[in-house]
Amino acid sequence: MIYVAGQVFGNFVFAMSLRWARGRQFHYLTVGTINYAVAAVLAVVWMLLNRPPDFDLPVILLGAINGLQYQISLAVLFTVVEFVGIGITFGIIRLSIALPTLASIFLWGEHPAALQVVGLLLAFVALPLLGADAHQATRTRPGRSLQMWGVLIVVLFLSGTGFTAAKAFSVWSTPDYQPLYTASVFVAATVGAGFVWPLRKRFRLPDWQAASLRHNIGLGVVMGAANLFQIAMLLRALAVLPGTVVFPLAATVGLATTLVGGMVLFGERFGRVTAVGIVLSLFAIAFINAN
């Protein structure tokens, strides 16, 4: 269980760092780029220390898809956190595991357990409830509510795409290629920053200041280390515990700690409808991961 606790801790640090980077004192895209660059360096070192059997092209391509999804999602999350806060944002990300579950059913012929079917249904019910507070806040601003729901759907689809690539890797490859896959993820995410960077003026980011550069770098390093740490802990946990234990436990506890962190550190609060959505999300995540 120590590895599951490590994964939850790493995910918590990453989520809180992401929320911090949303503040006006940070240059969000710079922090995000440093995050992936640091993770890429550490992942490549890990790969070199644990050489894969060969540089399998499908593994690299799947990792690249996941990594580009990471970078694009980072940009989209800038807007999502403004709408719904960090706790609900990660709740929506967690619910996107419904997409690889559906892919497993329709692409790989897996037969879902009864609890998984219940979890998928709960996910569809929980998603609009999670956006209830943001919808209420944007009702007085014409067009803003529609934009909010569009962004939430985009982040759900993007996160689901990344999870599906990871699922494809687990189906088509072996654990020997995990270091290669992880390195491909973070190298692609770092390269993807070059495509997002030209859009920086749209983010209304603060002007560059030499005094704040050190803080941006520091936060980016913390994010990158936490990012890789939580993935490494997840892989270690899966090596000693069944996925039916690891995934529901890590997902539900991880979401709960992120919600609490958002409330305690950033004063995030939820209405009753959103609270119901949170509870349904916790059950949906646990059920979808059941076998």
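Residues numbered from 1 in each chain as written. Predicted model: local features only at pLDDT ≥ 70, side-chain atom pairs only at ≥ 80, totals over all residues. Heavy atoms only, no water.

Participant: What is the right way to look at the nonpolar core in this model?
Facilitator: Generally speaking, a soluble globular protein has its nonpolar side chains buried in company with each other. Within the largest apolar cluster, 70 residues are counted, with the highest numbers of intra-cluster contacts made by Leu-18, Tyr-28, Val-80, Ile-92, Leu-95 and Phe-186. It is helix α3 (residues 57-95) that contributes the most residues to this core, 17 residues altogether. Residues Val-8, Ala-237, Val-246 and Ala-250 belong to the second largest nonpolar core, which totals five residues. (Core = buried A, V, L, I, M, F, W, Y, C linked by side-chain atoms within 4.5 Å. Buried < 20%, exposed > 50% of the residue type's maximum accessible area, 1.4 Å probe, protein only. Helix = DSSP H or I, 4+ residues; strand = E, 2+ residues; numbered from the N terminus.)

Participant: Would you mind showing me how to read the pattern of salt bridges here?
Facilitator: Note on pairing: side chains with opposite charge can pair once their charged atoms come close. A full pass over the atoms with the stated rule returns one salt bridge. Among the salt bridges present, the one from Glu-268 reaches Arg-19, with a minimum N-O distance of 3.6 Å. Taken together, the residues Glu-268 in the loop between α10 (243-266) and α11 (272-288) and Arg-19 in helix α1 (residues 2-21) connect sequence positions 249 residues apart. Judged by its relative accessible area of 9%, Glu-268 is buried. (Salt bridge = Lys/Arg side-chain N within 4 Å of Asp/Glu carboxyl O.)

Participant: Any chance you could explain the packing of aromatic side chains here in plain terms?
Facilitator: Any aromatic ring pair is given by two values, namely how distant the centres are and how the planes are angled relative to each other. Within the structure shown, the criterion is met by seven aromatic pairs. Taking the centre distance of 5.3 Å and the plane angle of 75° together, the rings of Trp-20 and Phe-266 count as edge-to-face. Of the two residues, Trp-20 is situated in helix α1 and Phe-266 in helix α10; the sequence distance between them amounts to 246 residues. Owing to a relative accessible area of 40%, Trp-20 belongs among the partly exposed residues under this scheme. We classify Phe-266 as partly exposed; its relative accessible area is 21%. (Phe/Tyr/Trp six-rings, centres within 6.5 Å; stacked < 30°, edge-to-face > 60°.)

Participant: Explanation requested: the environment of Ser-173 in the structure shown.
Facilitator: Position of Ser-173 relative to the elements: it lies in the loop between α7 (144-172) and α8 (178-196). Taking the C-alpha atoms as reference points, Ser-173 and Pro-58, 115 residues apart in sequence, are found 8.9 Å from one another.

Participant: Sorry if this is basic, but what is going on with the packing of α1 against α3 here?
Facilitator: When two helices pack together, you describe them by how their axes are tilted relative to each other and by the distance separating the axes. Where α1 contacts α3, the axes come no closer than 10 Å and their chain directions differ by 145°. For the element pair α1 and α3, the recorded crossing hand is left-handed. Here Asn-11, Phe-14, Ala-15, Met-16, Leu-18 and Arg-19 of α1 come into contact with α3, specifically with Leu-74, Leu-77, Val-81, Ile-86, Phe-90 and Arg-94. Of the residues that constitute the contact of α1 with α3, the class distribution is nine nonpolar, one polar and two charged. (Axes fitted to C-alpha atoms, helices over the stretch in contact; angles between N-to-C directions. Left-handed = near helix turned anticlockwise from the far one by under 90°. Contact = heavy atoms within 4.5 Å. Nonpolar A, V, L, I, M, F, W, Y, C, P; charged D, E, K, R; others polar.)

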